[in-house]
Amino acid sequence: MLNLVDITQQFGDKLLYEELNLQINKGEHVGLIGQNGAGKSTLIKIITGEILPDDGKVERPKSLQLGYLDQYVQVNEEQSIQEFLQTAFQQELDKEAMITQLYAEYAESLDDKVLEKAGRLQTELDQGNFYQMDTIIQEMATGLGLEVLGLNTMLRNLSGGQRSKVILAKLLLEKPDILVLDEPTNHLDDTHIQWLTQFLQEFDGTYLVVSHDRTFLNEITTHIADIEFGKLTKYTGNLTRALKQKELNRESYLRQYEAQKKQIEKTEAYIRKYKAGSRSTMAKSREKQLSKIDRLTPPSDAAKPNIEFPYKPIVTALALETDQLCIGYEVPLLNPLSLTIRYGEKVAIRGFNGIGKSTLLKTLITEIPPISGEFHFPENTCVNYFSQDLVWENPLESPLQYLSNQFPKATTKELRRQLSKTGLTNQLAQEPLKMLSGGEQTKVKIAQMTMKPSNFLILDEPTNHIDQETKENLRKSLVKFEGTVIVVSHEQDFYEPFVERVIEIEA
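Criteria and cut-off values
Residues numbered from 1 in each chain as written. Predicted model: local features only at pLDDT ≥ 70, side-chain atom pairs only at ≥ 80, totals over all residues. Heavy atoms only, no water. Helix = DSSP H or I, 4+ residues; strand = E, 2+ residues; numbered from the N terminus. Buried < 20%, exposed > 50% of the residue type's maximum accessible area, 1.4 Å probe, protein only. Contact = heavy atoms within 4.5 Å. Areas by Shrake-Rupley, 256 points an atom, 1.4 Å probe, with all protein chains shown as cover. Lys, Arg positive; Asp, Glu negative; His and termini not counted. Charge placed at Lys NZ, Arg CZ, Asp CG, Glu CD. Domains from an automatic or database assignment. Expected span 1.5 Å × (residues − 1). Salt bridge = Lys/Arg side-chain N within 4 Å of Asp/Glu carboxyl O. Phe/Tyr/Trp six-rings, centres within 6.5 Å; stacked < 30°, edge-to-face > 60°. Patch = residues over 30% accessible without salt bridge, like charges linked within 9 Å, V, L, I, M, F, W, Y side chains within 5 Å. Axes fitted to C-alpha atoms, helices over the stretch in contact; angles between N-to-C directions. Parallel < 35°, antiparallel > 145°, perpendicular 65-115°, else oblique. Nonpolar A, V, L, I, M, F, W, Y, C, P; charged D, E, K, R; others polar. Pairing = 2+ DSSP bridges. Core = buried A, V, L, I, M, F, W, Y, C linked by side-chain atoms within 4.5 Å. Polar contact = N/O pair within 3.5 Å; in protein donor to acceptor, adjacent residues only side chain to side chain.

**With respect to the overall build of the protein**
Then step 1. Helix and strand counts for the protein stand at 16 helices and 17 strands.
Then step 2. Taking the principal axes of its C-alpha atoms as reference, the protein extends roughly 105 × 75 × 40 Å.
Then step 3. The proportion of buried residues among the 507 residues of the protein is 46%.
Then step 4. Look at the contacts in the protein between residues 6 or more apart in sequence, and 71% of them connect residues 24 or more apart.
Then step 5. Only carbon and sulfur atoms are counted for the fraction: they give 47% of the accessible area of the protein, which is about 26200 Å².
Then step 6. Side-chain charges of the protein comprise 57 positive and 72 negative groups, with the mean position of each set lying 14 Å from the other.

Next up, the structure:
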């Protein structure tokens, strides 16, 4: 179905891959994994033809229909959700229009060949799913939580997350030969992730999925493709099996590396000792042999995340009170909210996507005014907020420049240290923000939070783009934080270990 041959790709001084190879066969359900910045999204763009590799080639059958979840695809904003989803059946709609045209021609010409052609097209429609189109669309809309938006809603009135779900629904309706999905769960809540999981488990086609949601990836994959050190290794089995095999391979590799390293050091010592003496011929022979050794790559010394949110003490019993708080833009999204959160409590807010979780958080940080009601933080509350949106005022700035503008009194050394603590390398700290992966941009935002002492953390989907190692370190830092935490996340595995309470919000 798809074959990547000797793909080499470099961005500036950063070599993403060197002679990377991957074969995807019919019916395989492949998960693509790797640390932030390993080049997963770039590889997706190479596969879809959005960018050309520096070297190597992508092979696939000419007739192959590839469906790509592009969250930034241009859509006709004057269409309703229903009309947009119907375009997944465009070939069938064109056949129906052709049948109508052929019958009109036959009425004038009485040509039996025209009638036969209309009959063949009608048979094709009868044998397909065309006449179940509205039912199939309704089932898809229900599964992904679109029916609550109203299928007559115009695309122009949707948020970015809602639009992403509509685009995903159309792609799934099209049932291409191979699906390419980049972080498909980012805008889905638990219920709809479960629905998508079941859909993909039952999907008899082929797909390649990038996701940092380990539970989701584990349940939908038959193979794992892992990018590390610029190479790609393909494992058979789901994520759990692949990671076990990877660890065994890694231990074996480290043993080989250490054995080779000792042998090289021993040989080099021999050469130094005898190069000018009576055994010089033997020493030169060993030097020649040493120059031909295929040296193993040293283990990665990439910075490991060590995230710490500085705490600013406060004396209070309650951290937040809301009284009949009504949120939304022009019309309320939810019933009035009356919440009480104790100081030091760690709380998860859950509810289906589009219900207003992000709007609630933006209201609490005064980015959006409430429609009615009120909320209250105690005096000396210092809120630290993480927004899920990766939008930069100046995307050409480097992370260092960006943080320097936010914290002009901080030294470059301090800024570098905070970026390093999120796992962002010194080289990436000097790249333009727009050149960084989603996970690397998220790390810049986390680094910004670690520069601000606070006693109340509000985090909106902080794990959307980050790799497992950073995710686990972020969770540990939230456990250690002495203040209050509110987190919105679709990853139950992330927040369950540290929250004391889950607040369900309903329309």
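**As for the domain arrangement of the protein**
The figure often quoted for interface size is the accessible area lost as the parts come together.
Then step 1. What the domain assignment lists for the protein is domain 1 (1-65 + 176-237), domain 2 (76-162), domain 3 (248-291) and domain 4 (318-504).
Then step 2. Here the C-alpha centroids of domain 2 and domain 4 sit 42 Å apart.

**A short note on helix 9 (residues 239-274)**
Then step 1. End to end, helix 9 covers 52 Å across 36 residues, agreeing with the expected 52 Å (1.5 Å per residue, within 8%).
Then step 2. Within helix 9, burial applies to L239, A242, K246, Y257, Q260, I264, T267, Y270, I271 and Y274.

**Description of the pattern of salt bridges**
Then step 1. In this structure the tally under the stated criterion is 16 salt bridges.
Then step 2. In this structure, K246 and D226 form a salt bridge, with 3.0 Å as the shortest nitrogen-oxygen distance. Separated by 20 residues along the polypeptide, K246 in helix 9 and D226 in strand 8 (residues 223-228) bring together distant segments of the chain.
Then step 3. For D226, a relative accessible area of 4% puts it in the buried group.
Then step 4. For the salt bridge of E287 with K275, the shortest nitrogen-to-oxygen distance reads 3.1 Å. One end of the pair, E287, is in helix 10 (residues 280-291); the other, K275, is in the loop between helix 9 and helix 10, with 12 residues separating them in the sequence.

**Some points on the packing of aromatic side chains**
Then step 1. On inspection of all chains with the given rule, the structure shows 10 aromatic pairs.
Then step 2. Geometrically, the ring pair formed by Y270 and Y274 is tilted, given 4.7 Å between the ring centres and 50° between the ring planes. One end of the pair is Y270 and the other is Y274, both in helix 9 and 4 residues apart, which spans about a single turn. Y274 carries the same exposure label as Y270, and that label is buried.
Then step 3. An aromatic cluster of at least three residues, connected via ring pairs, comprises W195, F199, F203 and Y207.

**A short note on a negative patch on the surface**
Then step 1. Together, D6, E18, E19, D54 and D55 give the surface a local cluster of negative charge.
Then step 2. Looking at where E18 falls in the secondary structure, it is placed in strand 2 (residues 14-24).

**Examining the packing of helix 5 (residues 133-143) against helix 7 (residues 190-202)**
Then step 1. At a minimum axis distance of 9 Å, the contact between helix 5 and helix 7 shows a crossing angle of 130°. The angle between helix 5 and helix 7 falls in the class oblique. Counting all contacts with helix 5, which are made through E139, M140, T142 and G143, the residues of helix 7 involved are H192, W195 and F199.
Then step 2. A class-by-class count of the residues in the contact of helix 5 with helix 7 yields 3 nonpolar, 3 polar and 1 charged.

**Topic: the pairing of strand 9 (residues 231-236)**
Then step 1. With 6 bridges joining them, strand 8 and strand 9 adopt antiparallel strand pairing. Residue H223 lies in a different strand from strand 9, and its bridge partner there is T236.
Then step 2. Where strand 8 folds back on strand 9, the antiparallel hairpin that results is connected by 2 residues, among which F229 adopts a positive phi of roughly 55°.

**Topic: the nonpolar core**
Then step 1. By size, the foremost hydrophobic cluster in this structure holds 49 residues, and its most contacted members are L85, L146 and L200.
Then step 2. Broken down by element, the residue count for this core peaks at 7 residues, all from helix 6 (residues 160-174).
Then step 3. Of the domains in this structure, domain 1 (1-65 + 176-237) and domain 2 (76-162) are the two that each give at least three residues to this core.
Then step 4. Counting residues in hydrophobic clusters, the runner-up holds 23 residues, among them L2, I44, L64 and A225.

**Focus: unusual backbone geometry**
Then step 1. Unlike most non-glycine residues, D6 shows phi in positive territory, near 50°.
Then step 2. Along the chain, D6 turns up in strand 1 (residues 2-11).
Then step 3. You will see that L110, though not glycine, has its phi angle at about 55°, which is positive.
Then step 4. By the secondary structure assignment, L110 is in the loop between helix 3 (90-109) and helix 4 (112-127).

**As for the side chain of K346**
Then step 1. Within the element layout of this structure, K346 appears in strand 12 (residues 346-350).
Then step 2. From its side chain, K346 meets the backbone oxygen of F481 in a polar contact 2.9 Å long.
Then step 3. In this structure K346 touches L478, V479, F481, G483, V485, F498, V499, E500 and R501, once residues within four positions along its chain are discounted.

**What about the sheet that holds strand 14 (residues 383-386)?**
Then step 1. Overall, parallel pairing links the 5 strands, which are arranged 14-15-16-12-17 in an open sheet. The open sheet has two edge strands with one neighbour each: strand 14 and strand 17 (501-504). The average angle at which neighbouring strand axes cross in this sheet is 15°, direction not considered.
Then step 2. As paired elements, strand 15 (residues 456-460) and strand 16 (residues 484-488) share 5 bridges and run parallel to each other. Pairing of F456 across the sheet is with T484, part of strand 16.
Then step 3. The strands that helix 14 (residues 438-449) touches are strand 14 and strand 15; relative to strand 14, the one it contacts most, it runs at about 180°.

**A look at the side chain of H490**
Then step 1. In this structure, H490 sits in the loop between strand 16 and helix 16 (492-495).
Then step 2. Contacts of H490, omitting those with residues within four sequence positions, involve T185, N186, L188, D189, D190, I193, D213, E461 and N464.

**Some words on a positive patch on the surface**
Then step 1. Together, K266, K273, R279 and R286 make up a positively charged patch on the protein surface.
Then step 2. Structurally, R279 is set in the loop between helix 9 and helix 10.

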